[in-house]
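Coordinate inspection notes
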Amino acid sequence: MDLQTLTYITIGLSFVLYIGIAIWSRASSTGDFYVAGKHVHPVANGMATAADWMSAASFISMAGLISFLGYEGGMYLMGWTGGYVLLAMLLAPYLRKFGKFTVPEFIGDRYYSQLARVVAVICLIFISFTYVAGQMRGVGIVFSRFMEVPVETGLFIGMGIVFIYAVLGGMKGITYTQVAQYCVLIFAYTVPAVFIAINATDNPLPQLALGSELSDGSGYLLDKLDKTLMDLGFGDYTSPFNDKSMIDVCAITLALMVGTAGLPHVIVRFFTVPRVRDARISAGWALLFITILYTTAPAVGALSRMNLITTVNGVDGSGTSYAAIPAWFKTWENSGLLAWYDHNGDSKVQYAAGNAFAGNGKPVFEGEQRGPHRERVTSNPGEGKRVGDAPFANEVYVDRDIMVLANPEIAGLPDWVIALIAAGGIAAALSTAAGLLLVISSSVSHDLLKGTFAKNISDRTELMAGRIAAGVAISIAGYLGLHPPAFVAQVVAFAFGLAASSLFPVILMGIFNKRMNKWGAISGMLTGLTFTLGYIIYFKGVFIEPFAANIPENWILGISPEGAGVIGMALNFTVATIVARNTAPPPPHIQQLVDDIRVPGSS
Amino acid sequence: METSKDAYWKANIRLVIGCLIVWFTVSFGCGILLVNFFNQFQVGGYKLGFWFAQQGSIFTFLVLIFFYAIRMNTLDRKYGVRED
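Residues numbered from 1 in each chain as written. Chains lettered and ligands numbered in written order. Predicted model: local features only at pLDDT ≥ 70, side-chain atom pairs only at ≥ 80, totals over all residues. Heavy atoms only, no water.

Focus on the overall build of chain A
Convention followed: Helix numbering and strand numbering both begin at the N terminus, where a helix is a DSSP run of H or I of at least 4 residues and a strand a DSSP run of E of at least 2. A radius of gyration in this sense is built from C-alpha atoms; the matching globule rule multiplies 2.2 Å by the number of residues raised to 0.38. Residues count as neighbours in contact if any of their non-hydrogen atoms are within 4.5 Å of one another. Surface exposure here means Shrake-Rupley accessible area, sampled with a 1.4 Å probe, where a residue is shielded only by the protein chains that are shown. Under the counting rule used here, the positive set is Lys and Arg, the negative set is Asp and Glu, and His together with the chain ends is not counted. To locate a charge, the coordinates of NZ of Lys, CZ of Arg, CG of Asp or CD of Glu are taken.
Summing up its helical and strand segments, chain A has 23 helices and six strands in all. For 603 residues, the compact-globule formula gives about 25 Å, and the C-alpha radius of gyration of chain A, at 25 Å, lands near that figure. Within chain A, counting contacts between residues at least 6 apart in sequence, those at least 24 apart form 80% of the total. Split by element, the accessible area of chain A, about 20,600 Å² in all, is 63% carbon and sulfur. Positive and negative side-chain charges in chain A, numbering 37 and 40 respectively, have mean positions lying 15 Å apart.

A short note on the confidence of the model for chain A
Note the following rule: Confidence of the predictor at the level of single residues is captured by pLDDT, which takes values from 0 to 100.
Mean pLDDT for chain A: 88, with 98% of residues reaching 70 or above. Considering each helix and strand of chain A separately, the mean pLDDT is smallest for helix α17 (residues 407-410) of chain A, with a value of 80, and largest for helix α13 (residues 276-294) of chain A, with 96.

With respect to the packing of aromatic side chains
Residues and elements named next belong to chain A. Stated formally: Note on ring pairs: Phe, Tyr and Trp rings are taken, using the six-membered ring of Trp, and paired if centres are within 6.5 Å. Classes follow the plane angle, with under 30 degrees stacked, over 60 edge-to-face and the rest tilted. Three labels apply to residues, based on accessible area from a 1.4 Å probe with only protein chains included: buried if under 20% of the type maximum, exposed if over 50%, partly exposed otherwise in between. Note on criteria: charge over ring means Lys NZ or Arg CZ within 6 Å of the ring centre, with the direction from the centre no more than 35 degrees off the ring normal.
By the definition in use, this model includes 35 aromatic pairs over all chains. Aromatic pair Trp80 and Phe496: ring centres 5.9 Å apart, planes at 35°, arrangement tilted. In this pair, Trp80 is assigned in helix α5 (residues 74-98) and Phe496 in helix α20 (residues 488-512), connecting sequence segments 416 residues apart. Judged by its relative accessible area of 12%, Trp80 falls in the buried class. When the ring centre of Tyr322 is taken as origin, the NZ or CZ atom of Lys330, which lies over that ring, is 5.0 Å away.

Describing the pattern of salt bridges
Residues and elements named next belong to chain A. Under the convention used in this document: We define a salt bridge as a contact between a side-chain nitrogen of Lys or Arg and a carboxyl oxygen of Asp or Glu at a distance within 4 Å.
Going through the model one piece at a time under the given rule, you end up with 13 salt bridges over all chains. The partner of Asp32 in a salt bridge is Lys172, with the nearest N and O atoms 4.0 Å apart. On the criterion of sequence distance, the pair formed by Asp32 in helix α2 (residues 30-35) and Lys172 in helix α8 (residues 151-201) is long-range, its members being 140 residues apart. When its relative accessible area of 11% is taken as the criterion, Asp32 is described as buried. Using a relative accessible area of 24% as the deciding quantity, one classes Lys172 as partly exposed. Notably, a salt bridge pairs Lys514 with Asp595, separated by 2.8 Å at the nearest N-O pair. One end of the pair, Lys514, is in the loop between α20 and α21 (518-540); the other, Asp595, is in helix α23 (residues 588-598), with 81 residues separating them in the sequence.

Comments concerning the side chain of A:Lys38
Residue and element names in this part refer to chain A. Heads up, the rule is: Polar contacts, as used here, are pairs of N or O atoms within 3.5 Å; protein pairs need one atom able to donate a hydrogen and one able to accept it. Residues neighboring in sequence count only if both atoms are side-chain atoms.
Tracing the sequence through the fold places Lys38 in the loop between α2 and α3 (42-53). Buried charge Lys38 goes without a salt bridge, the closest partner of opposite sign being Glu105 at 8.3 Å. Here Gly99 takes part through its backbone oxygen, which lies 2.6 Å from a polar atom of the side chain of Lys38. Contact partners of Lys38, with chain neighbours within four places excluded, come to Arg96, Gly99, Lys100, Phe271, Thr272, Val273 and Pro274.

Remarks on unusual backbone geometry
Residue and element names in this part refer to chain A. Notably, Asp202 is not glycine yet its phi reads approximately 70°, a positive angle. Among the secondary structure elements, Asp202 is positioned in the loop between α8 and α9 (206-209). In this structure Asp202 comes out as exposed when scored by relative accessible area, which is 56%.

Quick word on a nonpolar patch on the surface
Heads up, the condition is: A residue counts toward a patch only above 30% relative accessible area and without a salt bridge, and it is joined to like-charged neighbours within 9 Å or, for Val, Leu, Ile, Met, Phe, Trp and Tyr, to nonpolar neighbours within 5 Å.
Taken together, the side chains of A:Met246, B:Phe24, B:Leu33, B:Leu34, B:Phe37 and B:Phe41 define a hydrophobic patch exposed on the protein surface, amounting to about 530 Å² of accessible area. A relative accessible area of 30% means that A:Met246 is categorised as partly exposed.

What to know about the domain arrangement of chain A
Residue and element names in this part refer to chain A. Worth spelling out the cut-off: Each domain's extent was defined by an automatic or database domain assignment. What gets called buried area is simply the loss in accessible area from a 1.4 Å probe that two parts show on being joined, summed for both.
If you check the domain split of chain A, you get domain 1 (3-303 + 415-485) and domain 2 (314-404). Between the C-alpha centres of domain 1 and domain 2 the distance comes to 33 Å. Residue-level contacts link 16 residues of domain 1 with 15 residues of domain 2. Considering only the side of domain 1, the residues that lose the most area to domain 2 are Phe68, Arg145 and Leu232, jointly responsible for 39% of the buried surface there. Summed over the shared surface of domain 1 and domain 2, the number is zero salt bridges. For the pair domain 1 and domain 2, the number of links is one residue pair in polar contact (both at pLDDT 80 or more).

The following block contains the structure:
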């Protein structure tokens, strides 16, 4: 059976599974639709949270990011897992005790203010749509690469599947499909990782393989990688602060942690378990299931970087002639994620530090034109200068997403493993997209309609409104996936920055500071939001030209826009505290509410 | 059996602060601020600081959450606020 057929069968089977689950777990009330009737077992919720959280970016891009950043990749690993500690101890149990349906609902009730609720809805919608556009794009890319259908077709199929189970099943359908999707994606991620770990080090556990000796007797993997990279003019892999300063690494890590804890689609998962103590333990299960992937990723990153270098530069390190390069190189060249320009004219492909192409380093292809070696022709070769003591100039562009997608081919693994990667990537993207679409639709039907503009609608009407909102949200997400705005890459920093600087502090103070009142919360949220938005736009320019160069000399305290959420959060806390001190304290029944959410059993 | 909700809340806060000190120490401490110091030590093929940043802190977070959840179950019982 060829790869194409295998991929179709694997993906087809996974879709049958998701739809089957959706039909079995239809939602029949708003309680089912918003929070799965609060009947989800903590372990199942842990799995669903893990799938909800691990997006196309975690599955496809993260290992590649780490493999090019080396040590600094740790800020993503720590940032995206450390948030669960905050979630488990500072937010989840108390919000579960509060026991309603949405995050804006908590903010509205705790701060006795419709205005606060609406501001929270705006933050939530902005955060979630930013995210979901990326997921839909991810689905399209996986389809187009592995099934050779146009990106648009892939996108429509993905939208259709999400539509079926999100609209039909609401949170209940999404929860159980996410459990299945977790199983698919973790299997798809770990199997190739174990294979390449055995190939390179004879140690099947990627977590140990990363710290093991290579089986060819050339010493420890990380030592060899450090040396190889330095010989090619790169900074070494394991030393800190080659790419970013210490303060910036701290700020980005903290912004990602706090942002993770403040993401509405993650928080709302903890509304679905039966009891407060289930919410606490469920965060532990979620992190366990995430840890399996997140501790595997650094090994995949290091091993695939090593594999890439040895395959391209050959055993003697002098490069491989284009005629003899393995087939995967040409496959990915065809999809535009790899490119080669023969700077020194020796017909050999050589990989080293520096950009092979001019401008932002990405190749511009001359359509389907082929050069003298049958390679794709590019119009923007760089100057071809050597970096440091490198033996040659870099001639290769490598998109970092390849590190996971092409890894099985680079390592020469069987076809069924490659098919599995495709199904896993789609599962990761769909599960996250569904979770995001649900929080968008419930904030529209529950917070805006039922809570603010049409308070008298019945449960049935509200359920119908929720379904329509989900349908509309999917269409908008699909549109954004088809026509990704030029600033999609820039706005990813927004989602975490905004969650960190707006929602997280307000929820936290709502639980831990009884004196915090509505004026404090509203002014804090708006300050955090405005500052973070402003800081990112100032340096990255969204819709408009950036005001200043995005370089460390211009940043406040040396903190890059990716870490701006931390400053925004600090401002939020400060402004909220000052304003609350100088305005009337919250009414007695609100102080009663705070006492109540702090303690599990009693009422 | 104590029933004071204030005492329960204070015990919770103490536990949370303890856990967050560990959380900060392994990630920001060992993994970032003192990474060069810890990188002097080698465990297997890992430099210790690098290991904290890419593996160790994640495992510690995991242990912390389970520790917190189990300790809180004990506190729930001790202060008589356990749900059915």
